[in-house]
Amino acid sequence: MNIKDFYTAFKKPVTFFLAVVLLGGGYFYSKLQVSLFPKVTFPKVKVIADAGLQPADRMMVTVTRPMENAIKQVPGLKMIRSTTSRGSCEISAFLDWNSDVSLSQLQIQSRINQIRDQLPANISITVEKMTPSILPVIGYSLESKTRSLIDLKYMATYQVKPFLSQAEGVASVAILGGKQKEYRFIPDRQKMSSLGITLATLKSCFEATGFIRSNGFLPDYRRLYLSVTDASMHDKSDVENMVVKNDGNRVILLKDLGQIKIEKATEYIKVNANGREGVLVNIVKQPGANLISTTDAVQKKLAQLRKNLPKDVTIKPYYVQADFVNSSIRSVMDAFWIGLVLAIVVALIFLRSAKAGSTILIVIPITLGATLTVLYTLGYTFNIMTLGALVAAMGLIIDDAVVVIEQIHRTHEEHPDVHSRELVGKSIRYLFPAMVGSSLSTIVIFLPFGLMSGVAGAYFHIMTNTMMITLICSFLVTWLGLPVVYLLLSGKPKKKAPQHEVHVLKQQTWVNFFTHRSYINVLIVVLLLGAIVWIYPRLETGFLPQMDEGSIVLDYNSPPGASLDATNKMLDEVDKIITAVPEVKAYSRRTGAQMGFFITEPNRGDYLIELKDHRKRTTEEVINEIRQKVDAKVPGLTTDYGQVIGDMLGDLTTSVQPIVIKIFGSNDQKLRTLAQRIDTLVSKVKGTADVFDGIVIAGPSISVVPDYTAMARYGITADDLQYQMQAAVAGNVVGDIFNGNYLSNIRIIDHDSTNVDLDRLQNLKVFMPGGQLIPLSRVANIKFHTGESEIERENLQNMYGVTARLAGRDLGSVMNDIKATIQSNLVIPQGYHIEYGGAYIQQQQSFKELLTILIIASMLVFGVILFMFRELKAPLIILLISVLGLSGGFMALYLTHTPLNVGSYTGLIMIVGIIGENAIFTYMQFKRAFKETGKVHESITHAISVRLRPNLMTALCAITALAPLALGIGTGAQLHQPLAIAVVGGFIVALPLLLIVLPGLLSLTHKEK
């Protein structure tokens, strides 16, 4: 059976199969997981070590350096970076993208465990894989005008958290802020001294009580009883009545030696939601959970929870990632359907056939159904990359359908009295070789994208894979399904069919004008090549396309050593600025903590600002207003502005800021001087904002240095001295009280702890073993230290990283100016060097890879055409036309001020395949006519006459299909806007290339027979 009879003979089975595919696509559409980005495992493992409050230089020697050397031995490690601050260090291990990150995490933990005995005894170490799942996807604020922060924290921890944790897909619920209740014993040192009681005595008393211990099992007849000694404390009276001393004359209770109060525990974290101090409830989803269904499940639980909360307690969302994802998906789907409708309108205008338009309208959903089925089978998710790929491929899907439907329609025009079932097979048979070649030419251009590395490769490889799957499904459905759908819409043949006039192909004689004037074609080629050469170096450049997320992350640092209250007063001014911005919907603030997995000092923190959905200004415009006002009204605050998802990707990779200048050397003072000098130079470069020299200073410190000779004379040990000093400043936790659901600490803290200043500390009196009090100055010296800077290292070398954001200019231009400014104004001492990092170095790497991909893709297209026509002229001509099409993409990017980034570069590569696809049909038409007539110009005219309508249709259909995406309509559309603009530009230039330049080249390269 030949293909002419296939569609008639197998119409019913194919129809059934198409229906199954369509229904299956709808089913899998409902089953596909929805997320913001594809499932990508970032090759980064972070280690945070906490060793009390040791100085940074000591932490470097005792903790950071040994751990760096251990982690360096892990296979697949590409780079190691560390930040050492007072009492803690943060080490980031960057691995190869092909590494098994889970295995690497275990190997890092194993290496650290091997050197554990070399590290300080009290060190706490946490090792985490850096994945999007460690960041919250939903944030709520728990607020009340009447209840204390202790009550709110209790309610959040023991009522809200367990309830929301039941929601399917929730991995953890983190509570941030609020206050914990604790019992404080404030000793009267004079009274204790008179009774010969010291703080060490109280410590021993608490150690001897406050426990529950098993005595063993007690058998009694047929029963077995567990015997325990319950010496635990249950309330304040138990603490007050604890016996401290019994000298035979009197029993001394704890309440006789001072006051016992119930107070809020001291915490160096302060959170605020919408201008009111409260408690934040952050929801972290499971790695494989569906973001949308998890959010829905949490919201259902929250609705039930609100019924059980007191009326004076409110719980409000301040961040819901699913809102942005839903908006993005809706926008992309709207762009998809709008583009589809516009493309069908174009097809109806050209073909003037409702049947042809209806066929396209039916075939496109079937193609999507087949694509969704394959995506679900391969484990892909519905995300902004896969959806964008479907929209970007829409023009190519319509292109496939239009070419076939136009050929069937043309055959009908030539044989109007013959029924469709006799003509459909003939049309497909005539077109099939070109269909295969053209489809392969667009599919093969996506194969080299597997060579891309880094975060761009991870995301865009999934996008190009989706496009490749879509195009394969489009070819199969167009080849097997479209003719059957057309036959179904044609109905049964009538017994007496009316006579129709045979449509005669109008010969486009204007083509001869160009084929006989070679200089015009040469001029067009030169102009297009000149456009490529002139525009390329003048294009704005970036890395990943930027989105308008509608959310802002504002990181801030108050001056080193600023107290929590002093920082909070500065932030109150920032609150007023944020509240006054009309676009702001809600905001939250964390001081002493940050979103993510970081070392955070009490003078650091961040805001998360959610903007309204319907607003007149973009997120960047709102950021600029807030930045200007904060800089003017709160000059002591160092700030950095970004968007949530962009910063999340930065945290998961190398840097949040797009501009990073790293200075390496051995002398810390020289490095700081160079960093400050570079900071000044970068600040003067137009287009930079939030410039930071990378020097992070911790607050001042006080060292109490024991005089061991004097302490020996008074019988005091260093450990005892430290215990007494801690009691005077922060207090010592000596036990706890069980309150049914939770434990409250018992803390011994000196009565001067709330107002200890340097003078009081110097005049502090400490206990001798017998209870006598002596001035601290007799047994120790007090030294004051200015703030010390954090120590940054990369690959075991000391460095400082000067960072900056972009403001109103593209990454490439700003970096070129920065490099030129530093080179002409800064002398780098011998032994020191500068490296550029951030988004710039990733951009340079991606551009090199994309150029390689463009070359390989062009070679693959060349190979497909060579295999198809088996002559060298054909691929050379078609490839030249395809490469010239890049000029259209360049011109579109240049005129719209769209940066050349990974997205637009991908669009340029697509142009090669798209123009090659259309050129194949024209060349095939020319070869067939030339074989029959042997006349070059007549064959060219015939080929262009036949291909004029499909070329116009495919170009206009594709442009209209991509128009919503190219215009950036809707949330998240900006991610794919550069790609769409480049492809639209390519389609526009493709028309003169296919209709004017290609005939001219055919005329030049072929001779009359």
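Definitions and limits used
- Residues numbered from 1 in each chain as written.
- Predicted model: local features only at pLDDT ≥ 70, side-chain atom pairs only at ≥ 80, totals over all residues.
- Heavy atoms only, no water.
- Pairing = 2+ DSSP bridges.
- Helix = DSSP H or I, 4+ residues; strand = E, 2+ residues; numbered from the N terminus.
- Contact = heavy atoms within 4.5 Å.
- Axes fitted to C-alpha atoms, helices over the stretch in contact; angles between N-to-C directions.
- Domains from an automatic or database assignment.
- Salt bridge = Lys/Arg side-chain N within 4 Å of Asp/Glu carboxyl O.
- Buried < 20%, exposed > 50% of the residue type's maximum accessible area, 1.4 Å probe, protein only.
- Phe/Tyr/Trp six-rings, centres within 6.5 Å; stacked < 30°, edge-to-face > 60°.
- Lys NZ or Arg CZ within 6 Å of the ring centre and 35° of its normal.
- Parallel < 35°, antiparallel > 145°, perpendicular 65-115°, else oblique.
- Left-handed = near helix turned anticlockwise from the far one by under 90°.
- Nonpolar A, V, L, I, M, F, W, Y, C, P; charged D, E, K, R; others polar.
- 1 Å grid on protein atoms, 1.4 Å probe; cavity = no way out; pocket = protein on both sides within 12 Å on 5 of 7 lines; lining within 4 Å.
- Points joined across faces, edges and corners; volume = space filled by probe spheres on them.
- Patch = residues over 30% accessible without salt bridge, like charges linked within 9 Å, V, L, I, M, F, W, Y side chains within 5 Å.
- Areas by Shrake-Rupley, 256 points an atom, 1.4 Å probe, with all protein chains shown as cover.

**Overview of the sheet that holds strand β14 (residues 276-277)**
Pairing between the strands of a sheet is mediated by backbone hydrogen bonds and can be parallel or antiparallel.
Inference 1: Ordered by their spatial adjacency, six strands build an open sheet running β14-β13-β18-β19-β17-β20, and the pairing between neighbours is antiparallel. Since the sheet does not close on itself, it has two edges, and those belong to β14 and β20 (638-642), each with one partner.
Inference 2: Alignment of strand β13 (residues 270-273) against strand β18 (residues 584-591), held across four bridges, turns out to be antiparallel. The partner of N272 across the bridge, within β18, is R589.
Inference 3: Seen against the sheet, helix α18 (residues 564-580) touches β13, β17 (551-557), β18 and β19 (604-611) and runs at an angle of roughly 170 degrees to β18.
Inference 4: The sheet strands contacting helix α19 (residues 619-633) are β17, β19 and β20, and the helix crosses β20 at an angle near 175 degrees.

**Remarks on the domain arrangement of the protein**
Inference 1: Split by domain assignment, the protein resolves into domain 1 (1-31 + 353-490), domain 2 (44-129), domain 3 (182-267 + 701-785), domain 4 (509-538 + 871-1008) and domain 5 (550-654).
Inference 2: For domain 1 versus domain 2, the distance between C-alpha centres works out to 52 Å.

**A few points about the sheet that holds strand β5 (residues 138-144)**
Inference 1: The sheet built from four strands is open, its strands ordered β6-β15-β5-β16 with antiparallel pairing. The sheet is open, and its two edges are formed by β6 (170-177) and β16 (313-320), each paired on a single side. With direction set aside, neighbouring strand axes in the sheet form an average angle of 20 degrees.
Inference 2: As defined by bridge partners, β5 adjoins strand β15 (residues 279-285) across five bridges and the pair is classed as antiparallel. By the bridge assignment for β15, G139 is matched with N282.
Inference 3: Packing against the sheet, helix α5 (residues 149-165) makes contact with β5, β6, β15 and β16, and its axis sits at approximately 170 degrees to β6.

**A few points about the pattern of salt bridges**
Inference 1: For the structure shown, the criterion picks out 27 salt bridges.
Inference 2: Salt-bridge contacts for E794 lead to K662; the nearest nitrogen and oxygen are separated by 3.0 Å. Of this pair, E794 sits in strand β29 (residues 791-794) while K662 sits in strand β21 (residues 659-664), and the two are 132 residues apart along the sequence.
Inference 3: Among the residues examined, E794 registers a relative accessible area of 4% and is labelled buried.
Inference 4: Close ionic contact of D817 with R809 constitutes a salt bridge, the shortest N to O distance being 2.8 Å.
Inference 5: One network of salt bridges, with partners in common, ties together E182, R184, E263 and R747.

**What about the packing of aromatic side chains?**
Inference 1: Summed over all chains, the structure comprises 18 aromatic pairs.
Inference 2: An angle of 45 degrees between the planes, with centres 6.1 Å apart, marks the rings of Y587 and Y607 as tilted. With Y587 in strand β18 and Y607 in strand β19, this residue pair connects regions lying 20 residues apart in the sequence.
Inference 3: Ring centres 5.5 Å apart and planes at 10 degrees place the aromatic pair F926 and F930 in the stacked group. Of the two residues, F926 and F930 are both situated in helix α29 (residues 902-933); the distance of four residues between them amounts to about one turn of the helix.
Inference 4: Exposure remark for F926: the relative accessible area of 0% places this residue in the buried category.
Inference 5: Through successive ring pairs, a cluster of aromatic residues spans F869, Y923, F926 and F930.
Inference 6: When the ring centre of Y836 is taken as origin, the NZ or CZ atom of K819, which lies over that ring, is 5.7 Å away.
Inference 7: Positioned above the aromatic ring of Y430 is the side chain of R928, whose terminal nitrogen or guanidinium carbon lies 4.1 Å from the ring centre.

**Re the packing of helix α11 (residues 354-377) against helix α15 (residues 454-490)**
Inference 1: Between α11 and α15, the least distance of the axes is 8 Å, while the angle of their chain directions is 140 degrees. Viewed along their axes, α11 and α15 adopt a mutual orientation that is oblique. When you trace α11 past α15, the crossing you get is right-handed. Facing α11, whose interface residues are K355, S358, T359, I362, V363, I366, T367, A370, T371, V374 and L375, α15 presents T466, I469, T470, C473, S474, V477, L482, V485, Y486, L489 and S490.
Inference 2: Looking at the contact of α11 with α15 residue by residue, the class counts come to 13 nonpolar, eight polar and one charged.

**Considerations on empty space enclosed by the protein**
Inference 1: Taken as a whole and judged by the stated rule, the model has four cavities of 30 Å³ or more.
Inference 2: Taken as a whole, the largest cavity spans an internal volume of roughly 60 Å³.
Inference 3: In terms of lining, the largest cavity is formed by D400, V403, V404, M435, S438, S439, F475, T478, E917 and F921.
Inference 4: Those elements that place two or more of their residues in the lining of the largest cavity are α13 (394-414), α14 (420-443), α15 and α29.
Inference 5: Its residues placed into classes, the lining of the largest cavity shows five nonpolar, three polar and two charged.

**A look at a nonpolar patch on the surface**
Inference 1: On the surface, I212, F217, L224, L226 and V228 cluster together to form a nonpolar patch covering roughly 540 Å² of accessible area.
Inference 2: For the nonpolar patch, the secondary structure elements donating two or more residues are β8 (212-220) and β9 (223-230).
Inference 3: Tallying contributions element by element places β9 first for the nonpolar patch, with three residues.
Inference 4: By relative accessible area, which is 55% here, I212 ends up exposed.

**Here we look at helix α20 (residues 644-652)**
Inference 1: Within α20, eight of the nine residues are buried, leaving the element largely enclosed by the surrounding structure.
Inference 2: All of the buried residues along α20 are V644, I645, D647, M648, L649, G650, D651 and L652.

**A short note on the side chain of T367**
Inference 1: Mapped onto the fold, T367 is located in helix α11.
Inference 2: Note on T367: relative accessible area 0%, which makes it buried.
Inference 3: Here T367 is in contact with I397, T470, C473, S474 and V477, once residues within four sequence places are set aside.

**Re the packing of helix α25 (residues 811-825) against helix α26 (residues 838-869)**
Inference 1: Contact geometry for α25 and α26: axes closest at 11 Å, N-to-C directions at 110 degrees. By the angle between their directions, the pair α25 and α26 is classed as roughly perpendicular. Pair α25 / α26 crosses with left-handed handedness. In this structure, α25 uses L811, G812, M815 and K819 to contact α26, whose residues at the interface are A839, Y840 and Q843.
Inference 2: Here the residues of the contact of α25 with α26 sort into four nonpolar, two polar and one charged.

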